[in-house]
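Observations on the three-dimensional arrangement
Spelled out, the chains give:
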Amino acid sequence: MKVGVSSPYKKLHLISETFKEYNIEHIQISLPADLKIIENDLYNEIIKYKTKNPSIEISIHAYPFNLAEKVQAVRNIWIELAEKTISFANKIEASFVNFHIGYSCNSGKRTEHHKIIKKLIPVLYKITEVGIHNNVEIHIENSYPEQRNSDFSKMGDRLSDFEKIFEVIDSSALKLCYDYGHGNLDEHGIDILRKFHFRLGSIHAHDNDQLADIHWPIGNKKLGTINWNKEIKFLMDINFQGAFILESYIKDQLESLNYLKKLK
């Protein structure tokens, strides 16, 4: 697998100096939904970085997007912004774009949640086709459940969401980004990875206390509850070749890199 780090686009200039002692193979850049204002400057900065680091692989974290928006006119705007993000990914030769697939109010009931997933599938199919046209993979990230009886619901917060999506969209261009921190907030979250490891495209690696999405470093036994030795062995056993992205603050990314370095 390719060890990488996430970075807000405003801090991309810090990457080279901060991680120069480590063999970083991948950078995931977090971008706003509307690229219009920053697109030209960001393009120039990324090309400059890639010129100095020709072997680096780039991906985009498209956040926040709500592809599950109920209002058709608003959903169309989200789709248009997603298409522009994918086009930009092609322009900078990014390998994939990772999306949070959305959220909805008035969707706390299981039946309503499933209705929204059903309407979301054609949107994901369309975006996947745009990705194929632009030679860019589309990754969709697992989320975590809200409190019980909440009327707000995240899409991708349960195994059945991915069962429905991947059953209909059987394309190698649509893959899972498994977020370990999100999965750790639900005792059944890991089932998404175990069942769909053959659709796994990338990993978001961070830890938490199973209460909040804290984004702690990995491998620190005093912080977090994930058995990283076990999980990294699992990824090696399935011959995972994608990006293993450390998604946290810089100091925690450095701690995570030192843990991985000890594992060789």
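Keep in mind the model is a prediction, meaning the values are calculated, not measured. (Residues numbered from 1 in each chain as written. Predicted model: local features only at pLDDT ≥ 70, side-chain atom pairs only at ≥ 80, totals over all residues. Heavy atoms only, no water.)

**Re the pairing of strand E10 (residues 243–246)**
The criterion, for reference: Each residue gets one of three labels from its accessible area relative to the maximum for its type: buried under 20%, exposed over 50%, partly exposed in between, using a 1.4 Å probe on protein chains only. In DSSP terms, a helix is any run of H or I states spanning at least four residues, a strand is any run of E spanning at least two, and both are numbered starting from the N terminus. Should DSSP find at least two bridges between two strands, the strands are regarded as paired. Crossover handedness is defined here as right-handed if the route from the first strand over the helix to the second strand goes clockwise, with the strands pointing away from the viewer.
Both faces of E10 are covered, namely the face carrying Ala 243 and Ile 245 and the face carrying Phe 244 and Leu 246. Pairing of strand E1 (residues 2–8) with E10, which is carried by four bridges, proceeds in the parallel orientation. Directly across from Lys 2, in E10, lies its bridge partner Ala 243. Handedness of the crossover joining strand E9 (residues 200–205) and E10 through helix H8 (residues 228–237) is recorded here as right-handed.

**Some thoughts on the side chain of His 61**
Let me state the cut-off plainly: Any pair of nitrogen or oxygen atoms within 3.5 Å is treated as a polar contact; in protein, a donor-acceptor pairing is required on top of that, and neighbouring residues in sequence qualify only through side-chain atoms on both sides. What makes two residues a contact is simply this: any of their non-hydrogen atoms within 4.5 Å.
Mapped onto the elements of the fold, His 61 is located in strand E3 (residues 57–62). Judged by relative accessible area, His 61 falls into the buried class, the value being 6%. Here the side chain of His 61 touches His 100 through a polar contact of 3.2 Å, side chain to side chain. In this view, His 61 contacts Gln 28, Ile 29, Ser 30, Leu 31, Asn 98, His 100, Glu 141, His 204 and Glu 247; residues no more than four positions away in its chain are not counted.

**Brief notes about the sheet that holds strand E8 (residues 174–179)**
To keep it simple, the criterion reads: Here an axis means a line fitted to C-alpha atoms, over the contact stretch when the element is a helix, while the angle between two N-to-C directions is reported on a 0 to 180 degree scale.
The sheet built from eight strands closes into a barrel, its strands ordered E1-E2-E3-E4-E6-E8-E9-E10 with parallel pairing. Averaged over all adjacent pairs, the angle separating strand axes in this sheet is 30°, with direction ignored. Taken together, the four bridges between strand E6 (residues 137–141) and E8 define a ladder with parallel strand orientation. Residue pairing for E8: Ile 140 is matched across the bridge by Leu 176. Relative to strand E4 (residues 96–99), helix H3 (residues 72–91) is tilted by about 150°, and along the sheet it contacts strand E2 (26–31), E3, E4 and E6. Running over the sheet, helix H4 (residues 110–133) touches E4, E6 and E8 and is turned about 145° from E6.

Any link to function would need more than the numbers given here.
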